Amino acid sequence: MESLALAAAAGWLLAFGWSAVVTARPPRPGAATRPEAVRPALVNLAVTRCRLDAPAYPATILDLAARGYLVVTEWAPGQLWCEIPAGPIAGSELAPSESLVLAGVRALAGRAGAPFEVLADSCVSDVQGRWDPFDRAVRAEGRQAGLARRRLPVAGQLALSVGAVVVGMLAFLALQARLHSGLFAPLAAGFFAIMLPAYWAGLLARRDRLTGQGAALGKLAAQTARETAAAWGWLSSAGPGPEGGLPAGSAAELSRLAAVVAAGVPVPLAGAVPGRGAGARPRRRLAAARRSAPWQAEETPRPGAAWSSLGGQWRLVPIQPLPFGRTHPVGWLLLAAWLALMTYLSSLLPGPWGTLLPIVLLAAFAAAAVIGVRRVAAWLAQPLAVSFHGQVIARWVERRGSGDDDVYVPCLAVDDGERAWSFGVSGAALGQLSLGDPVAVRASPRTGRLLSLVPDRPAAGTAAGEPAEPSPLLSAEEVEAAVGRPIRATGVQAGAVGAVYRGDGITVIVTVAEGRLGLLSSGPAKRSGRPLPGPGDEAWLVSRDRTIVFRQGSLTAKVTIGGSAAATVPPDVLPRLAATVAGRLPRPATTPGPPGG
């Protein structure tokens, strides 16, 4: 019986190895299909040999624009702007993967449109919600079109599974005949002898491989894309360059551009490789079998940054990791106390150790005490809880623990206009929110914990999914006239109202907050700033006369001028800008919620 079990196991391993080697061999090229007759995502599937990668998503967006489902314009070299056409769009001709992409574009772009880079990067900001369904749909379409097939056919998987059952049964019988007592060890051996080979066979069966037709398409598409990029002046010894421009004028040019992007040829187009600015790629990662909720398919990477349209200005917001495992500020004081005790005990040692060791420990005690005092002071200066209106800009799933203790934590990032907050949420909450959704948040700055999260309703007169345009306290023209340099508004800042204006060497930041959020600025300014008559009820000049903080009713406003050329600005510019802001604040002031709130 033991000989039969060993022979069956060896035979199964030989069959599995033969199947893995044979199915890994590249197929013979079949009849070539013209790349322009195939969807860009399928072209990418063929070029990458069934390893769908990030450019498939933006290539699909460009192809949708070429077919009239989107309107694409070039507002700057290498920068495209996408809008939804005003007329009705028929979606009956769209493939499932294209319908998923178009729905995502509509949700983010709204009526105002969005940069192409933002729409392309959405597949890395929400891997589970955007990339994974798109990936599955494209692979299914590739098999349906005859470009790909399962690496291990159903018959082969069935044969390997039956072989695994035979090996397990023989292993059970062999151990039972040898031990003559108990069933636990034979059953355990038989179970693992069945499950492990079956798992290997399942991994091999879930992978795809190209057919002869798919291999021919991949080879022809890659060659055609390189020739097209070379003709447009994008390929040279120095790499891609924008000398040839972006030929995005006609539908035919957009279709050719989509094919070039899908083939992975370097293109001087922001968003052609999603996630390059966000610091992440939509690569699938296997997860353990145990999951904290049925909807969780796998761990997904956290993007380093994500796009936000809060306030009507698209900008890239860095995303910090969740506050898991952070040392509490009081821990530094406990460390200092322990070092003080060790300093005293080491001073009792005889010889030179009783002199040198206390000096080293005393220096470590002083450093830990200073760090602890500073961090505890900064921690106590933060409010216990804050409430703000924000926008969901990223979703991901993190894995905590190892082995049997793995816990999968659904996470999302919310932009408050100044920075992104990262929270762990429940699976139900994550499933109800998508990118761009406005939310009302209550959180604890001291611990980073989420206290409440409620989907926010759009402001009156604003269509759902469309960001509201705030009434600026300062226009870009007013700031430009004051500083004497070209200025552009680049985004909305903290709390309720605010904006950032940038120019050549000049940055002007205006923020307005209410209640406790305002006290974070007015409190330190009142203690260390120089009183200033004029704007608001009280005003102070701080930060080497480059910032004015003033209070008006329940509001606190801050106007800052920075940059390398800030010293060349006349001294009366900052007070004049602050006075303009103060004149436009309500009195008594009640700060309206941020856009989308």
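The coordinates are above.
In short, a report on the structure.

How each quantity is defined
Each chain has its residues counted from 1, following the order in which its sequence is written. Only residues with pLDDT of at least 70 get local features here, since the model is predicted, and only at 80 or more are side-chain atom pairs given and counted; chain-wide, interface and lining totals rely on the full set of residues. Side-chain descriptors were evaluated using all non-hydrogen atoms of the structure, hydrogens and water having been removed beforehand. Think of it in three bands: with a 1.4 Å probe and only protein chains considered, a residue is buried below 20% of the maximum accessible area for its type, exposed above 50%, and partly exposed in between. Starting at the N terminus, helices and strands are each numbered in turn, a helix being any DSSP run of H or I of at least four residues and a strand any DSSP run of E of at least two. By definition, two strands form a pair when at least two bridges between them are found by DSSP. The working definition used for a salt bridge is a side-chain nitrogen of Lys or Arg within 4 Å of a carboxyl oxygen of Asp or Glu. Axes here refer to lines fitted to C-alpha atoms; in helices the fit is confined to the stretch in contact. Angles between the N-to-C directions go from 0 to 180 degrees. Under this scheme an angle from 65 to 115 degrees is roughly perpendicular, one under 35 degrees roughly parallel, and one over 145 degrees roughly antiparallel; angles in between are oblique. Contacts: residue pairs with any heavy atoms within 4.5 Å of one another. Gly counts as polar in this scheme, as do all residues outside two lists: the nonpolar Ala, Val, Leu, Ile, Met, Phe, Trp, Tyr, Cys and Pro, and the charged Asp, Glu, Lys and Arg. Here, nonpolar core refers to any group of buried Ala, Val, Leu, Ile, Met, Phe, Trp, Tyr and Cys residues whose side-chain atoms link them within 4.5 Å.

### What to know about the pairing of strand β9 (residues 407–415)
Within a regular beta strand, the side chains point alternately toward one face of the sheet and then the other, so they alternate between its two faces.
Okay, so step 1: Taking burial as the measure, the nine residues of β9 include eight buried ones, the bulk of the element.
Okay, so step 2: As paired elements, strand β8 (residues 386–400) and β9 share nine bridges and run antiparallel to each other. The partner of Gln391 across the bridge, within β9, is Asp415.
Okay, so step 3: Sheet topology note: the β9/strand β10 (residues 420–424) ladder contains five bridges and is antiparallel. By the bridge assignment for β10, Ala413 is matched with Ser422.
Okay, so step 4: Between the antiparallel neighbours β9 and β10 lie four residues, among them Gly417 with a positive phi of about 105°.

### A few points about the pattern of salt bridges
Okay, so step 1: Throughout the structure, instances matching the rule amount to 10 salt bridges.
Okay, so step 2: For Glu538, the salt bridge goes to Arg551, with nearest N and O atoms at 2.6 Å. Separated by 13 residues along the polypeptide, Glu538 in strand β17 (residues 538–542) and Arg551 in strand β18 (residues 547–552) bring together distant segments of the chain.
Okay, so step 3: Linking Arg576 and Asp572 is a salt bridge whose minimum nitrogen-to-oxygen distance equals 3.4 Å.
Okay, so step 4: Residue Arg576 is classed as partly exposed on the basis of its relative accessible area of 42%.
Okay, so step 5: Exposure remark for Asp572: the relative accessible area of 39% places this residue in the partly exposed category.

### Notes on the packing of helix α3 (residues 56–66) against helix α10 (residues 251–262)
Okay, so step 1: Relative to each other, α3 and α10 sit at 170°, their axes nearing to 8 Å. Regarding the angle of α3 to α10, the classification is roughly antiparallel. Facing α3, whose interface residues are Pro58, Ala59, Leu62, Asp63, Ala65 and Ala66, α10 presents Ala251, Leu254, Ser255, Leu257, Ala258, Val261 and Ala262.
Okay, so step 2: Per-class residue counts for the contact of α3 with α10 are 11 nonpolar, one polar and one charged.

### What to know about the nonpolar core
Okay, so step 1: In this structure, Ile61, Leu62, Phe134 and Leu257 are the most contacted members of the largest nonpolar core, which totals 60 residues.
Okay, so step 2: Elements supplying a minimum of two residues to this core: α2 (40–47), α3, β2 (79–83), α4 (96–109), α5 (116–125), α6 (127–144), α9 (212–231) and α10.
Okay, so step 3: At eight residues, the largest contribution of residues to this core is made by α3.
Okay, so step 4: By size, the runner-up hydrophobic cluster in this structure holds 32 residues, among which are Val508, Leu555, Ala557 and Ile561.

### Quick word on the sheet that holds strand β3 (residues 114–115)
Okay, so step 1: On the basis of which strands lie adjacent, the open sheet formed by three strands has the order β1-β2-β3 and antiparallel pairing. Lying at the two open borders of the sheet, with one neighbouring strand each, are β1 (71–76) and β3.
Okay, so step 2: By the bridge criterion, five bridges tie β1 to β2 in an arrangement that is antiparallel. For Ala76, the partnering residue across the bridge sits in β2 and is Gln79.

### Section: the pairing of β18
Okay, so step 1: In terms of burial, β18 is largely enclosed, as five of its six residues are buried.
Okay, so step 2: Between β17 and β18, which pair antiparallel one after the other, the connecting turn spans four residues, and Ser543 there sits at a positive phi close to 55°.
Okay, so step 3: With six bridges joining them, β18 and strand β19 (residues 555–562) adopt antiparallel strand pairing. Within β19, the residue paired with Ile548 across the bridge is Val559.
Okay, so step 4: From the end of β18 to the start of β19, which pair antiparallel, there are two residues, and Gly553 there has a positive phi angle of about 65°.

Bear in mind that shape data such as this cannot, by itself, settle questions of function.
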